[in-house]
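Working through the structure, step by step
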Amino acid sequence: MKTATVWIQSLQLQPHPEGGWFKEVYRSEEQIPQHGLPHRFTDKRSIATAIYFMLEANEISVFHRIKSDETWHFYNGEPLELHVIDPKGNYQKLMLGLYPEQGIMPQVTIPHGCWFAARSLGAYTLVGCTVAPGFDFHDFEMAERNYLTNEFPQHTELILQFTKTP
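Please read all numbers here as calculations on a predicted model, not as lab measurements. (Residues numbered from 1 in each chain as written. Predicted model: local features only at pLDDT ≥ 70, side-chain atom pairs only at ≥ 80, totals over all residues. Heavy atoms only, no water.)

1. Some points on the packing of aromatic side chains
Cut-off, in case you're wondering: Aromatic rings from Phe, Tyr and Trp, with only the six-membered ring used for Trp, were paired whenever their centres fell within 6.5 Å, and each pair was classed as stacked if the ring planes differed by under 30 degrees, edge-to-face if by over 60, and tilted otherwise. Ring-over charges, as used throughout, are those where CZ of Arg or NZ of Lys falls within 6 Å of the ring centre and within 35 degrees of the ring normal.
Using the criterion set out here, one finds eight aromatic pairs in the structure. Cation over ring: K2 sits above W7, and NZ or CZ is 4.6 Å from the ring centre.

Laid out in structure tokens, this is it:
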């Protein structure tokens, strides 16, 4: 099995603001005009985007949310756990990997507007993320710890693990 360092170098991954490593590998040339999108979007968007994303051991992807649905695809390494809190406060843990008989699926989708965070269960996890309508950093919101714990006090312990200290 390749090491995280080999993947970072060979795929030319860069640090991601939410934690981990990434590289955008696809952005559709065609765009959806703002009037063709739901009202939560303030401008046109690419039809779809895709990135490589990797978390190493002891790294986390902190709670964040985007305005689009995001599908995660497992590529290599150990399974990944995704923690999802929907806008009503319902929690779901999704497992990404190649053990469907254990509920660890090769592909999962996070609906738009949900807060989500992730952690590798081993030395590293390499995944792909596809976003439609396409990702734009204007649609990206990193969770503020106090806001999230006030909004969802029933998930305080989890939120403390997956947010940066204020």
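2. Looking at the sheet that holds strand β12 (residues 115-120)
Operational definition: Whether two strands pair comes down to DSSP finding at least two bridges between them. Each helix corresponds to a stretch of at least 4 residues labelled H or I by DSSP, and each strand to a stretch of at least 2 residues labelled E; elements are numbered beginning at the N terminus.
Ordered in space as β10-β9-β8-β12-β6-β14, the six strands form an open sheet in which the pairing is mixed. Edge positions in the open sheet fall to β10 (104-105) and β14 (141-142), since each of these has one partner strand only. In this structure, strand β6 (residues 60-65) lies alongside β12, joined through three bridges in antiparallel fashion. For I60, the partnering residue across the bridge sits in β12 and is R119.

3. Quick word on the environment of T156
Among the secondary structure elements, T156 is positioned in helix α3 (residues 156-161). Remark: the alpha-carbon pair of T156 and Q34, spanning 122 residues in sequence, is separated by 36 Å.

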